[in-house]
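Residues per chain are reported as follows:
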Amino acid sequence: MTNPDPTHTAPGAEENDDAGPACVMVFNASDPSGAGGLAADVTAIASVGAHALPVVTGAYARDTAEVLDHFPFDEEAVTEQARAILEDTPAQVFKVGFLGSPEAISAVAEICSDYADVPVIAYMPNLSWWDESQIDLYLDAFRELMLPQTTVLVGNHSTLWRWLLPDWSNERSPGARDIAKAAADMGVAYTLVTGIPLPDQYLDNVLATPQAVLGSEKFERFEAVFSGAGDTLSAALAALVASGSDLASATTEALSYLDRCLDAGFRPGMGNVVPDRLFWAQPEGETEELTQEEAQALQVLDMPAHDTKH
C-alpha cells in the first residue's frame, strides 16, 4: 500500500467533516471483561470523537486477570462482516487487533490490500497466554501477510523485541529505531514502541522509522497492572488519524489520552486494573450528599426486580 508521511491526512477525513465523525474499521476479538478487544476499541474510538465499525474475529474466555481461552471465527465470517459494511460505509483507517488464526490474518490482509489507500494501524498484543505452537504460527502469518499492509505497528518494547529481533545479541537492549528497522524490512513504514524502560521508574514511548525518531513521550510507571492498555492506545491513535490529525500529533495525543485513562483506571473485578476510557465524563470533585427529600424523590426511579410476570 502507499504509506503516508507523518503529516498524512486520512482519506475522506476532510470531505466527511459535515457528514459526522470519521469511521474506523476495527478487527478484534470480543472481550467479556471489557478490558481489551473490541470493547476497548469501540469505547476509545468514541471517546476521542470517531465512529467504530467493529468486526468480530473471535471471542476470548477471560476475566480481568488472565485470558483462559480464545474461540476464533472462520475467515469467511470475518470477511463477510467487513465487506458488507465497507460496501455501504467508507472507513478512513483500519485498526487491526488480535485476529485469532493465520486464516483470519490472510482474510484481513486481503481486505486491506483491496483498500490500499486506507492506512492500517496494527497492534501486536502479548500472546504469552496462548499455546506456543499457535503463537509461532500466528506470528509467522502476521509477519508475512499483515506487516506488508501495515502503516503503523504498535506494540510493547519487550513484545516487539522478542518477535522481530529474536536473535538480538547486543549487550544493550534494542532501541525503537532498531525495532522499526526490523519492521520496515517487512514493509512497515512507522513503528510506535511503548513501555521502553528508563531510569527512575519512567517509561518511554517512541514513534520511529529506521532513519529517525519522529516523536517520544515519557511517562512515570504506574504501580498497578493493567489490561487493555495497548488496544486503548492503538484504537485512539487510529481514531485521531482517521479524524484528520497528522501521525506525529495523533501519536502525542493518543499517548496523553492513554496516560489519563490509566491514571483514572479502576478495578471492576478481582484481577487487573482497567483503563477508564471515559475519564472525562466522570464528575469532578466530591458529590454533594443528597437531602432526605431528594433521596425520597429518586426512589421512584429504582428498578424493580426482574421477576417474570404472567
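Computed from a prediction, not measured in an experiment: that's the story for all the values here.

Cut-offs and rules
Residues numbered from 1 in each chain as written. Predicted model: local features only at pLDDT ≥ 70, side-chain atom pairs only at ≥ 80, totals over all residues. Heavy atoms only, no water. Helix = DSSP H or I, 4+ residues; strand = E, 2+ residues; numbered from the N terminus. Contact = heavy atoms within 4.5 Å. Expected span 1.5 Å × (residues − 1). Buried < 20%, exposed > 50% of the residue type's maximum accessible area, 1.4 Å probe, protein only. Arc of directions from axis to C-beta. Phe/Tyr/Trp six-rings, centres within 6.5 Å; stacked < 30°, edge-to-face > 60°. Lys NZ or Arg CZ within 6 Å of the ring centre and 35° of its normal. Salt bridge = Lys/Arg side-chain N within 4 Å of Asp/Glu carboxyl O. Lys, Arg positive; Asp, Glu negative; His and termini not counted. Polar contact = N/O pair within 3.5 Å; in protein donor to acceptor, adjacent residues only side chain to side chain. Pairing = 2+ DSSP bridges. Axes fitted to C-alpha atoms, helices over the stretch in contact; angles between N-to-C directions.

All right, on to the overall build of the chain then. A count of helices and strands for the chain gives nine helices and nine strands. Nonlocal contacts in the chain, meaning residues at least 24 apart in sequence, comprise 68% of its contacts between residues at least 6 apart.

Another aspect to go through is helix H4 (residues 132-146). Compared with an ideal rise of 1.5 Å per residue, which puts 15 residues at 21 Å, H4 spans 20 Å between its outermost C-alpha atoms and is within 8% of the ideal. Within H4, burial applies to Ile135, Tyr138, Leu139, Ala141, Phe142 and Met146. In an axial view of H4, the angular spread of the buried residues amounts to 165°, which keeps them on one side of the axis. Residues of H4 that are exposed and point more than 90 degrees away from the buried face comprise Glu132, Leu137 and Glu144. Looking at the buried side of H4, the elements it contacts are strand S4 (93-96), helix H3 (102-114), strand S5 (120-124) and helix H5 (157-164).

A word on the packing of aromatic side chains. With the rule as written, the count across this model stands at 13 aromatic pairs. Measuring from centroid to centroid gives 5.8 Å for tyrosine 60 and phenylalanine 98, while their planes differ by 15°, and the two rings are stacked. With tyrosine 60 in strand S2 (residues 51-62) and phenylalanine 98 in the loop between S4 and H3, the pair connects residues that are 38 residues apart, well separated along the chain. With respect to class, tyrosine 60 is no different from phenylalanine 98; both count as buried. Put simply, the rings of Tyr60, Phe98, Trp129, Trp130, Tyr138, Phe142 and Trp163 touch in pairs and so form one group of aromatic residues. Geometry around tyrosine 202 places lysine 218 over its ring, the cationic atom sitting 5.0 Å from the centre.

Attention shifts here to the pattern of salt bridges. Applying the stated criterion across every chain yields a total of seven salt bridges. Note that arginine 83 and aspartate 114 form a salt bridge whose closest N and O atoms lie 2.7 Å from each other. Of this pair, arginine 83 sits in helix H2 (residues 75-86) while aspartate 114 is found in helix H3, placing the two residues 31 residues apart along the sequence. Judged by relative accessible area, which is 48%, aspartate 114 ranks as partly exposed.

It is worth spelling out the side chain of arginine 277 at this point. Checked against the element boundaries, arginine 277 lands in the loop between helix H8 (247-263) and helix H9 (292-298). This buried residue, arginine 277, is left without a salt bridge; aspartate 31 holds the nearest opposite charge, at 7.0 Å. Side-chain polar atoms of arginine 277 contact the side chain of threonine 232, separated by 2.8 Å. Every residue in contact with arginine 277, bar those within four places of it in the chain, is listed here: Gly34, Ala35, Gly36, Ala40, Thr43, Ala44, Ser47, Ser227, Gly228, Thr232, Tyr257 and Cys261.

Counting through the fold element by element, lysine 181 comes out in helix H6 (residues 176-184). Taking the C-alpha atoms as reference, lysine 181 lies 9.5 Å from leucine 164; in sequence the two are 17 residues apart.

Attention now goes to the sheet that holds strand S7 (residues 190-198). Spatial strand order, S3-S2-S1-S4-S5-S6-S7-S8-S9: nine strands in an open sheet with mixed pairing. The open sheet terminates on both sides in strands that have one partner only, identified here as strand S3 (67-72) and strand S9 (213-220). Pairs of neighbouring strands in the sheet enclose a mean axial angle of 20°, with direction left out of account. Where S4 meets S5, three bridges bridge the pair, whose relative direction is parallel. The residue of S5 that forms the bridge with phenylalanine 94 is valine 120. H8 rests against strand S6 (152-156), S7, strand S8 (202-208) and S9 of the sheet, and its axis sits at about 10° to S9.

We now examine unusual backbone geometry. If you check the backbone angles, aspartate 200 has positive phi at about 60° while not being a glycine. Within the fold, aspartate 200 resides in the loop between S7 and S8. Aspartate 200 gets classed as exposed once you look at its relative accessible area, which sits at 67%. Unusually for a residue other than glycine, glutamine 201 sits at a positive phi of about 60°. Within the secondary structure, glutamine 201 sits in the loop between S7 and S8. Residue glutamine 201 is classed as partly exposed on the basis of its relative accessible area of 44%.

This part is about the pairing of S7. The buried count for S7 comes to seven of nine residues, which makes it a mostly enclosed element. Both S6 and S7 contribute to a ladder of five bridges, which runs parallel. Each bridged residue has a counterpart across the sheet, and for leucine 153 the counterpart in S7 is threonine 191. The turn linking S7 back onto S8 is made up of three residues, and aspartate 200 within it adopts a positive phi angle of 60°.

Another aspect to go through is the environment of leucine 86. Within the secondary structure, leucine 86 is located in helix H2. By relative accessible area, leucine 86 is classed as buried at 9%. Considering only alpha carbons, one finds leucine 86 and leucine 53, 33 residues apart in sequence, at a separation of 9.1 Å. When sequence neighbours within four positions are dropped, the list of residues in contact with leucine 86 reads Met25, Ala91, Phe94, Ile111 and Tyr115.

All we've got here are geometric facts, nothing functional implied.
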